[in-house]
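These are the residues of each chain, in order.
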Amino acid sequence: MVVNHGGSLTQNYFKSYIKLILNANECSLKEAKEIVFNHFFERKESRFGEETYKNFLFAYKELENDIYD
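In this text, all values refer to a predicted model and were calculated from it rather than measured experimentally.

What counts as what
- Residues numbered from 1 in each chain as written.
- Predicted model: local features only at pLDDT ≥ 70, side-chain atom pairs only at ≥ 80, totals over all residues.
- Heavy atoms only, no water.
- Salt bridge = Lys/Arg side-chain N within 4 Å of Asp/Glu carboxyl O.
- Helix = DSSP H or I, 4+ residues; strand = E, 2+ residues; numbered from the N terminus.
- Buried < 20%, exposed > 50% of the residue type's maximum accessible area, 1.4 Å probe, protein only.

Novice: So what exactly am I meant to see when it comes to the pattern of salt bridges here?
Specialist: Side chains that differ in charge, positive against negative, can pair when their charged atoms come close. For the structure on display, the rule yields 5 salt bridges. One salt bridge connects Glu-50 with Lys-54, and the closest N-O pair in it is separated by 3.0 Å. Placement of the pair is Glu-50 and Lys-54 together in helix α3 (residues 50-68), with a separation of 4 residues, close to one helical turn. A salt bridge links Lys-61 to Glu-64; the shortest N-O distance between them is 3.3 Å. Of this pair, Lys-61 and Glu-64 are both found in helix α3, 3 residues apart, which corresponds to roughly one turn of the helix. For Lys-61, a relative accessible area of 47% puts it in the partly exposed group.

See the structure below:
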């Protein structure tokens, strides 16, 4: 996946991306979070900037609330 380093990625972007990982890998939400962190961020929170990483975490929390509510 090609990502433009010029701007931050949104919470909605990460919700869609995590859902894609969930469906493609038939895994748990926690496993999907780890897959995205490992492959997308290369295990570096700062790879795409603080705002992008925060949006990733917010997206994960929102999906977690959707699943467990």
